[in-house]
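Breakdown of the fold
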Amino acid sequence: MKKIAVLTSGGDSPGMNAAVRAVVRKGLYLGLEVFGVYRGYTGLMEGEIKKFDLGSVGDIIHRGGTMLHSSRSEEFKTEEGQRKAIDQLMSHGIEGVVVIGGDGSYRGAQKLAEYGIATVGIPGTIDNDIPGTDYTIGFDTALNTIVDAIDKIRDTAMSHEKTSVIEVMGRDAGDLALWSGLAGGAESIMIPEVSIDIGGIVDKIQKGIERGKKHSIIIVAEGSTSGVEVVKQIKNRMNLEPRVTILGHLQRGGKPTGFDRVLASRLGAYAVDLLTDNQVGVAVGIEQNKLVHYPFDKILGKPHQINTNMFELASQLSI
Ligand code: ADP
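Residues numbered from 1 in each chain as written. Predicted model: local features only at pLDDT ≥ 70, side-chain atom pairs only at ≥ 80, totals over all residues. Heavy atoms only, no water.

Our working definition: UniProt positions are given in the numbering used here, feature names are shortened, and annotations may be inferred rather than shown by experiment.
Under the annotation held in an unreviewed UniProt entry, the protein chain carries the name ATP-dependent 6-phosphofructokinase and is attributed to Halalkalibacter kiskunsagensis. According to its UniProt record, the protein chain has this under Cofactor (unreviewed entry): "Mg(2+)".

This is the structure in structure tokens:
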């Protein structure tokens, strides 16, 4: 393999830049020609492909978002769109593509592999919802952003003796809610993986009030229900005016943490190693601090799992 390309696709996440840098620099280190593809699969179909040198990825390791930009493309899901992308790759002589994104992007990479393009996927999403890796790139940064927000909301909740409901991202996964709830000392955590009765949450608030507690924090994963709905349900059951904060897209931005930069650097370089080793149609990850890879088939469609011990711990520590 002599020429490879890298693209970012789907939802962006902090640390994607560090992964792009690692792919480019490791590729050049190994003597490959490396191309950057702008705007994900859209740019791939439209030929937004540029040859990169060492300087192309300078001064990006600490930046959030993705310098390659990202996109969602319905056209790429069609055979016609995929053929356009293959034609572009062939015209540049590119044999291998590293795709940084979530499971949707992996499906796209799997399609490219079916046309004979060597592909390796790198998990880039704040949601931590990709099987085959303990952590996705961006999760740690988003977690820290949320914890910082919880701490700030706690200051005002405490001062004004209010119950606060905070809705966090995660798509169908509860990891961001669970980890931030545990780290932020939340009284209750609502995640899609565990069915929770609002009555139990109300009882907990009530018991807290009875023993002199003045404020509570409830973290709601967007995949379970909405923060507004939780406030409505609480108001229906008790004489309380909880405040709701929907953290929204601020969770996707910001400087990547040291952890995410290291993870992205390791996974980016590993992806290039695998391409040069002819291990293709695979996604890379980290398990128990070891680099691992699995065929896309093994990962796609596999249900996401939550750490139930951690959920139990969070409820034990917030009685
Ligand atoms: P993420 O990668 O963050 O999960 P999406 O699910 O939006 O984000 O997927 C990103 C892009 O990957 C889509 O816009 C589409 O272009 C491509 N993609 C997703 N599913 C498929 C598929 N089944 N076949 C081909 N391409 C796909």
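Here we look at the side chain of Thr163
Heads up, the rule is: In this text, helices come from DSSP runs of H or I with a minimum length of four residues, and strands from runs of E with a minimum of two, each type numbered from the N-terminal end. Exposure classes here rest on a 1.4 Å probe applied to the protein chains alone. A residue is buried below 20% of its type maximum, exposed above 50%, and partly exposed in between. Working rule for contacts: check all heavy atoms of both residues, and any pair within 4.5 Å makes them a contact.
Among the secondary structure elements, Thr163 is positioned in strand E6 (residues 163-168). Given a relative accessible area of 5%, Thr163 falls into the buried group. Those residues in contact with Thr163 that lie beyond four places of it in its chain are Ile205, Ser216, Ile218, Leu240, Pro242 and Arg243.

Observations concerning the nonpolar core
Put simply, the test is: In plain words, nonpolar cores are sets of buried Ala, Val, Leu, Ile, Met, Phe, Trp, Tyr and Cys residues tied together by side-chain atoms within 4.5 Å.
Formed by 31 residues in total, the largest nonpolar core has its most connected members in Val6, Val98, Ile100, Ile122 and Val284. For this core, the element with the most residues is helix H9 (residues 258-276), which contributes eight residues. If sequence neighbours within four positions are ignored, Val284 has contacts with Tyr106, Val120, Gly121, Ile122, Pro123, Leu267, Tyr270, Ala271, Leu274, Val292 and His293. Ile146, Leu176, Ile191 and Ile219 belong to the second largest nonpolar core, which has 26 residues in total.

A few points about helix H3 (residues 79-92)
To keep things clear, this is the line we draw: Each residue after the first adds 1.5 Å to the expected span of a helix. What the arc covers is the set of directions going from the helix axis to the C-beta atoms.
For H3, which comprises 14 residues, the first-to-last C-alpha distance of 20 Å matches the rise-based estimate of 20 Å (1.5 Å per residue) to within 8%. Among the residues making up H3, those that are buried are Gly81, Gln82, Ala85, Ile86 and Leu89. All buried residues of H3 fall inside an arc of 140° around its axis, so they share one side. Residues Glu80, Asp87, Met90 and Ser91 are exposed on H3 and point more than 90 degrees away from its buried face. For H3, the elements touching its buried residues are helix H2 (40-46), strand E4 (96-101) and helix H4 (103-114). Gly93 occupies a position one or two residues after H3 and carries a positive phi of about 70°.

A short note on unusual backbone geometry
When glycine is set aside, most residues are seen to have a negative phi, and most peptide bonds are trans. Although it is not a glycine, His69 sits at a positive phi angle of roughly 65°. Secondary-structure assignment places His69 in the loop between strand E3 (49-52) and H3. A relative accessible area of 48% places His69 in the partly exposed class. A positive phi angle, close to 50°, is found at Arg171, a residue other than glycine. Locating Arg171 in the fold gives a position in the loop between E6 and helix H6 (175-183).

Details of the UniProt feature "binding site: substrate" (unreviewed entry) in the protein chain
The residues that UniProt annotates with the feature "binding site: substrate" (unreviewed entry) are Thr125, Ile126, Asp127, Met169, Gly170, Arg171, Glu222, Arg243, His249, Leu250, Gln251 and Arg252. With the annotated positions falling across 128 residues, the maximum pairwise C-alpha distance of 28.4 Å shows that they are not confined to a single cluster. Structurally, Thr125 can be placed in the loop between strand E5 (118-123) and helix H5 (139-160). Locating Gly170 in the fold gives a position in the loop between E6 and H6. Assessed through its relative accessible area of 0%, Gly170 is described here as buried. Apart from residues no more than four positions distant in its own chain, Gly170 is found in contact with Asp127, Leu176 and Glu222.

Observations concerning the packing of helix H1 (residues 16-29) against H9
Heads up, the condition is: To obtain an axis, a line is fitted to C-alpha atoms, over the contacting stretch when the element is a helix, and the angle between two such axes runs from 0 to 180 degrees between their N-to-C directions. Small angles under 35 degrees read as roughly parallel and large ones over 145 as roughly antiparallel, with 65 to 115 read as roughly perpendicular and the rest as oblique. Throughout, a crossing is termed right-handed when the near helix is turned clockwise from the far one, and left-handed when it is turned anticlockwise from it by less than a right angle.
At a minimum axis separation of 7 Å, H1 and H9 run at an interaxial angle of 40°. Classified by the angle their axes make, H1 and H9 are oblique. Relative to H9, the crossing made by H1 is right-handed. Each of Ala18, Ala19, Ala22, Val23, Lys26 and Gly27 in H1 lies in contact with H9, whose residues at this interface are Arg261, Ala264, Ser265, Gly268, Ala269, Val272 and Asp273.

A word on the pattern of salt bridges
Put simply, the rule is: Salt bridges are defined as contacts in which a side-chain nitrogen from Lys or Arg sits within 4 Å of a carboxyl oxygen from Asp or Glu.
Tallied over the entire structure, the rule returns 17 salt bridges. Three or more residues joined by partner-sharing salt bridges are found here, namely Asp103, Asp127, Asp129 and Arg171.

Notes on the site of the ligand
As a reminder of what qualifies: We call a residue near a molecule or strand whenever a single non-hydrogen atom of that residue lies within 4 Å of it. Any pair of N or O atoms that falls within 3.5 Å is considered a polar contact. Within protein, one atom must be able to donate a hydrogen and the other to accept it, and sequence-neighbouring residues count only if both atoms are side-chain atoms. Note that accessible areas follow from Shrake-Rupley with a 1.4 Å probe, and for residues the cover is restricted to the protein chains shown.
Near the ligand, the surroundings consist of 17 residues, among which Arg72, Ser73, Gly102, Gly104 and Ser105 are the closest. In the model, an oxygen atom of the ligand is placed 2.7 Å from a nitrogen or oxygen of the Ser73 main chain. One of the side-chain N or O atoms of Arg171 is found 3.3 Å from an oxygen atom in the ligand. Bound to the protein, the ligand loses 85% of the 550 Å² it would expose on its own. Tallying contributions element by element places H4 first for the shell around the ligand, with six residues.

Details of the sheet that holds E5
Note the following rule: Strands are treated as partners if at least two bridges between them are detected by DSSP.
With mixed pairing, seven strands are arranged side by side in an open sheet as E3-E2-E1-E4-E5-E10-E11. Each end of this open sheet is capped by a strand with a single partner; those strands are E3 and strand E11 (290-295). When the angles between neighbouring strand axes are averaged without regard to direction, this sheet yields 25°. Bridge count between strand E2 (residues 33-37) and E3: four bridges; the pairing is antiparallel. Directly across from Val34, in E3, lies its bridge partner Phe52. Each of strand E1 (3-8), E2, E3, E4 and E5 is contacted by H1, which is oriented at about 175° to E1, the strand it contacts most. Against the sheet, H4 contacts E4, E5 and strand E10 (282-287), and its axis sits at roughly 170° relative to E5.

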